[in-house]
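Chain and residue survey
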Amino acid sequence: MISLLKRITWLILTYWITISIIFILPRLIPQNPAWNYLQSLYQQYMLYPETLKAYEIRLLREYGVGMPLWWQYMDFLVRTFSGDLGTSISFYPAKVVEIFMRAIPWTLALLVPSILLSWTVGTLLGAYIGYKRGKRIEKIFMSFSFIISNIPSYWLALLMIFTFSFTLKLFPSGGALSPGITPSLSWAFISDFLWHYTLPFVTLFIIWTAGWTGNMRALVSSELESEYVNYLRSMGVKDSIIFRYVMRYAMIPQLVGLGVAMGGVVVGNLFVETVFSYPGIGYFVSAALGSLDYPLIQGFFVLIVGFVFLSNFIVDLLRLALDPRARV
């Protein structure tokens, strides 16, 4: 119980420090996004001075521009922990939470299956390769795994688009749906969605599977050098039984690695979404960075960091349940 309370306290403290850094970083940029938005309004719509002044007062009050930094920080904390992440500048007057709710189903549809499937395939493949250490199959797979896992996700995404979209013309180069297709339970929607979904999913699956394979192979190879494995072999225990023990102990750090790597997984997913113009979080984060949309940048990273921290916390609890040594 004490160990659990310590972990919860550390989680809250770390999250507070992280979102404080998220608040500070955009404000180090010497530009005022609210003024930029007002200028674009004037150039686009040629508003009358009175109307523009009313917009100016409203926007400056809403975004806290001109207020002391400490006031903006306290307002940011209150809004964040009350579930109000502010109003987007680049998609004004849409709320950040509304944009997030619009984007998160697309991101989860891409992120969750690719993580779970790549982790499962990579773990099983890495365990088999690690158990066959020294054999030709290990050298072939590990060379392939090393090369693939070190390729940037956006570079592989561009390669997939060039090969399968522009050269072979098998899949679309971006988007999630064709024009005129709306989400429904019809075969037209499902088939069109999967047609657009294939390239970003395969891109993430290839890179992450290679990483999990290499990690699991190293864990299994390390376990095979343990004293208990040598003892079991000296007792004449079957390889299948030894393999089960090795898998059991190697799975614990592999599971922990899933939580530790979650931050990189989310960032890689954002890059792939941006390259494929996939309407998930990556698309909106890219738009927010281009227009210095402080509320949208802050809001999305607050939610992303919260997701990563919560994932690590859940994995930590699983580790406590699986490994009694971690409870000490």
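Before any of the text, the structure's been laid out above.
The sections below set out a description of the structure shown in this document. These figures come from a predicted structure and were not determined experimentally.

Reading guide: rules and limits
- Residues numbered from 1 in each chain as written.
- Predicted model: local features only at pLDDT ≥ 70, side-chain atom pairs only at ≥ 80, totals over all residues.
- Heavy atoms only, no water.
- Helix = DSSP H or I, 4+ residues; strand = E, 2+ residues; numbered from the N terminus.
- Contact = heavy atoms within 4.5 Å.
- Areas by Shrake-Rupley, 256 points an atom, 1.4 Å probe, with all protein chains shown as cover.
- Expected span 1.5 Å × (residues − 1).
- Buried < 20%, exposed > 50% of the residue type's maximum accessible area, 1.4 Å probe, protein only.
- Patch = residues over 30% accessible without salt bridge, like charges linked within 9 Å, V, L, I, M, F, W, Y side chains within 5 Å.
- Salt bridge = Lys/Arg side-chain N within 4 Å of Asp/Glu carboxyl O.
- Phe/Tyr/Trp six-rings, centres within 6.5 Å; stacked < 30°, edge-to-face > 60°.

**Things to note about the overall build of the chain**
In terms of regular secondary structure, the chain is built from 13 helices and zero strands. Beginning at the N terminus, the succession of helices and strands in the chain can be written as α-α-α-α-α-α-α-α-α-α-α-α-α. Pairs at least 24 apart in sequence give 75% of the contacts found in the chain among residues at least 6 apart. Here the chain displays about 18,500 Å² of accessible surface, and carbon together with sulfur accounts for 70% of that area.

**Some points on helix α7 (residues 153-167)**
The terminal C-alpha atoms of α7 lie 20 Å apart, and with 15 residues this matches the ideal 21 Å at 1.5 Å per residue to within 8%. The complete set of buried residues in α7 reads S153, L156, A157, M160, I161 and S165. Just beyond α7, the residue with positive phi is K169, at close to 55 degrees.

**A closer look at helix α4 (residues 69-81)**
Helix length check: α4, at 13 residues, gives a terminal C-alpha distance of 18 Å against a target of 18 Å (1.5 Å per residue), a fit within 8%. Downstream of α4 by a residue or two, G83 has a phi angle that is positive, lying close to 85 degrees.

**A closer look at a nonpolar patch on the surface**
A grouping of W10, L13, W16, I17, I21, I24, L25 and L28 is seen on the molecular surface, where their side chains present a nonpolar patch of about 840 Å² in accessible area. Tracing the backbone through its elements, the reader meets L25 in helix α1 (residues 2-27).

**A few points about the packing of aromatic side chains**
The full count for this structure, using the stated rule, is 11 aromatic pairs. Measuring from centroid to centroid gives 5.1 Å for F193 and Y197, while their planes differ by 35 degrees, and the two rings are tilted. Residue F193 and its partner Y197 are both found in helix α8 (residues 187-224); the two are separated by four residues, about one turn of the helix. Joined through ring pairs, the aromatic side chains of W106, F189, F193, Y197, F201, F205 and Y278 make up one cluster.

**Focus: the side chain of T203**
Note on placement: T203 falls in helix α8. Residue T203 is classed as buried on the basis of its relative accessible area of 0%. If near-sequence neighbours (up to four positions away) are discounted, T203 is found in contact with S153, L156, A157, M160, V272 and F276.

**Comments concerning the environment of I22**
Secondary-structure assignment places I22 in helix α1. Distance in space between the C-alpha atoms of I22 and Y294 is 9.8 Å, their sequence separation being 272 residues. When near neighbours in sequence (up to four residues on either side) are disregarded, I22 contacts Q298, F301, V302 and V305.

These figures capture arrangement, not role.
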